[in-house]
Amino acid sequence: MSAAILEKGRIASNEPHHIVCEGNEAAALAVAMARPDMVSVYPITPQSSLVEHLAKLVADGRMDAEIVDAEGEHSVLSVLQGAALAGGRTFTATCGPGLAFMFEPYFRTSGMRLPIVMALVTRDGITPQSVWGGHQDAMTVREVGWVQMYCESVQEVLDTTIMAFRIAEHHDVMLPVNICLDGNYLSYGAARVTLPEQADVDAFLGEKDVNWHAALDPLRPMAVDPLTGGAGGKGPATFVRYRKGQCRGMQNALRVIADVHAEYGERFGRRFAPLVEEYRMDDAEFALMTLGSMSGAAKDAVDEARDAGKRVGIVKIKTFSPFPVEAVVAALRRIKALGVVDRSVGFRWNCGPMFQETLGALYRLGRQIPAASFIGGLAGADITVEHFHRVIEQTEALLRGAAPSEPIWINEND
Amino acid sequence: MSTHRAHPMFDPAKAGVPDDLCPIATEINPMLPGDWRSMRPVVEREKCVKCAVCWLYCPVQCVVERPAWFDIDLRTCKGCGICATECPQRAIEMVKETAG
C-alpha cells in the first residue's frame, strides 16, 4: 500500500499528492475515497489485487465499510443489492468467469435501478483457456443495461471510479456502472497518479441518496421487484413501462456522464473526454477508432504518422454503453476511411463488436465510409506502436481500394 | 389477511418517485393458489386418525387441524397431491376441480 494516502490524521494540504501505483490499487483508493458502506468481493485474476487492496484498506481502518467475502460472484452482487436497497453505497469488482457467474443478479441490478459501482477488470473469454486481458467479458454483457466506461490510463481509472458513483446515483440515471480497466495493462500497469483530497471528493460526491426510489425500509413498506407482465396482475404494460424507463435512464446517462466529467475537470483539474475523445481529428482524412489502454500506443503511432505527413486521427470511445451515437457521428462526419480496433470478437458478424456498433452509427451519418475491422490484443497480447503503424497503413489503403470483408487479426503472426 | 400496518404503505407519487424506475408494489394483490388449482384434496373424516402426516408434508402449510380430523384450507392449497400420497390411512382423495 502506498504510503500516506488515506492515513488517519493526514493533514490536508494544497500540495498535489502523487503516488505510483497499479490500476487495481488506484481503483481501490478511489473506492475508499468514495466512502462506500459495503464492499462485497470474490477474487479472480486479474482483479485479485484490487480485492486485496480493499481488504487491507478496511483492515487498516482506512475505509469504514463492511467487506463481505461471499462464496461466489452470484452472492457478491446479491449481497450488494440488499445493501443498496437498505440505502448503502456499494462497490464490487470482477471479470471474465466471475462476471459470467454473476450474470443473473447482474441483469437484475440494472432492472432494479440500483446504483452499484463495479470495476470490471476486463479479461478475455474462455475457452481457449487464458487468464489474460481482453474486452470479451465486457462486450458480452453490453446489452444488460449497465453503464460501461473504458479507461485509458491508471489516473483515469482512479478519477473515473470516483465519478462513477456520481453518475450511478444521479436521480436521472439510477443505473449500475462498470469502470472497465484492461486486465494486465491497467490492472497491473504502474504509473504516477495524482490523488485528490478527501474533502474535495466528499464535496464532489455529496450526500448519498441511493434508495429513495426502492427500499428495504420498515418505515416505507413496499414490495420490491414483484411479478410483472404476462397475463396476471396489470399485464404487459407494467413490464414495458419499466423497460422503457431503463432505456430512458441510459439515454439520460449520456448527458449526466458529460456533465459529471465537466464538473470533475473544474474541481480537480483533470479533464477526460466523457463519451468520445477526438485526437488530432481536426483535418483528419482517415481515422482509427480505439477503446481502453490500447489508445496510448495508437496515439504515439498517429503522432509519428502525422510527422510523416499522413492526415490521420483517433476517435477513442470512453463510454461504450450507452453507445454515444451522436458523438460518434459528429467525430466521423468528415473522414473518408475508418479502421476500428477491437480487443474482442463479435462472433455473429465476424468482426469486432465496436466495429459493428460503429457501422450502426454511420448509417445515421447517411454516408458510406470504407471501414475495416481490426481485432487485436486478445488474451493479453500487446498491440504495439508498430502494430498501429500497420493499422494506419491498412486504413489509409481503404482510401484507394475496397474494404476487406473479413476482420484483420493484428496478432495473428506474433 | 391482516391489514394491520405499523406504517402506511409507501406512496411513490407522493414521494416524487417516477413510475418507471425499480419495479415496486404498494398494494396487496394476492394471487392465491386456490385460484388456479386443478385438483382438490378431499378428506374422508371417518378414515382420518389425526396422525398429522399430511400436516407435516404439506409444502404450503394449508392443512388445518379440526377437533376430529385434519382439513385443507382451499384458499392456499395448490393441489399438488402430496398429502394424498403420504396419508397412511388413504383418507385423502384428489378430485378434479369443476369448471368455472
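The structure under discussion appears in the preceding block.
This write-up is about the structure you can find in this document. (Residues numbered from 1 in each chain as written. Chains lettered and ligands numbered in written order. Predicted model: local features only at pLDDT ≥ 70, side-chain atom pairs only at ≥ 80, totals over all residues.)

Across its full length, chain A holds 13 helices and 16 strands. For 414 residues, the compact-globule formula gives about 22 Å, and the C-alpha radius of gyration of chain A, at 21 Å, lands near that figure. Here the C-alpha coordinates of chain A stretch approximately 70 × 60 × 40 Å along the principal axes. Within chain A, the fraction of its 414 residues that count as buried is 50%. Considering only intrachain contacts with a sequence separation of at least 6, the fraction spanning at least 24 residues in chain A is 80%. (Helix = DSSP H or I, 4+ residues; strand = E, 2+ residues; numbered from the N terminus. Rg over C-alpha atoms; globule rule 2.2 N^0.38 Å. Buried ≥ 20, exposed ≤ 12 C-beta atoms within 10 Å, placed from the backbone. Contact = placed C-beta atoms within 7 Å.)

Facing the 16 residues of chain B at the interface are 23 residues of chain A. Residues of the side of chain B that touches chain A, tallied by class, amount to ten nonpolar, three polar and three charged. Sheet analysis places strand β9 (residues 223-224) of chain A next to strand β1 (residues 24-25) of chain B, joined by two bridges and oriented antiparallel. Bridge pairing in β1 of chain B places alanine 223 of chain A opposite alanine 25 of chain B. (Nonpolar A, V, L, I, M, F, W, Y, C, P; charged D, E, K, R; others polar. Pairing = 2+ DSSP bridges.)

What follows deals with the packing of helix α7 (residues 154-169) of chain A against helix α9 (residues 236-268) of chain A. All names here are of chain A. Where α7 meets α9, the closest approach of the two axes is 10 Å, and the angle between their N-to-C directions is 130 degrees. With respect to α9, the axis of α7 lies oblique. Handedness of the crossing formed by α7 with α9: right-handed. Between α7, through Asp159, Met163, Arg166 and Ile167, and α9, the contact on the second element is made entirely by Ala253, Val256, Ile257, Val260, His261 and Tyr264. For the contact of α7 with α9, the per-class residue count stands at seven nonpolar, one polar and two charged. (Axes fitted to C-alpha atoms, helices over the stretch in contact; angles between N-to-C directions. Parallel < 35°, antiparallel > 145°, perpendicular 65-115°, else oblique. Left-handed = near helix turned anticlockwise from the far one by under 90°.)

Before going further, it helps to examine the sheet that holds strand β12 (residues 312-317) of chain A. Residue and element names in this part refer to chain A. Here six strands make up an open sheet; going across it, the order is β10-β12-β11-β14-β15-β16 and the pairing mixed. Either end of the sheet is taken by a strand with one partner, and the two such strands are β10 (276-279) and β16 (408-409). Looking at chain direction, strand β15 (residues 371-375) and β16 are connected through two bridges and run parallel. When the sheet's bridge partners are listed, isoleucine 375 is paired in β16 with tryptophan 409. Taken strand by strand, helix α10 (residues 295-307) contacts β10, β11 (286-291) and β12, and its axis lies near 165 degrees from that of β12. Along the sheet face, helix α13 (residues 385-397) touches β11, β12, β14 (337-342), β15 and β16 and points at about 145 degrees away from the line of β14.

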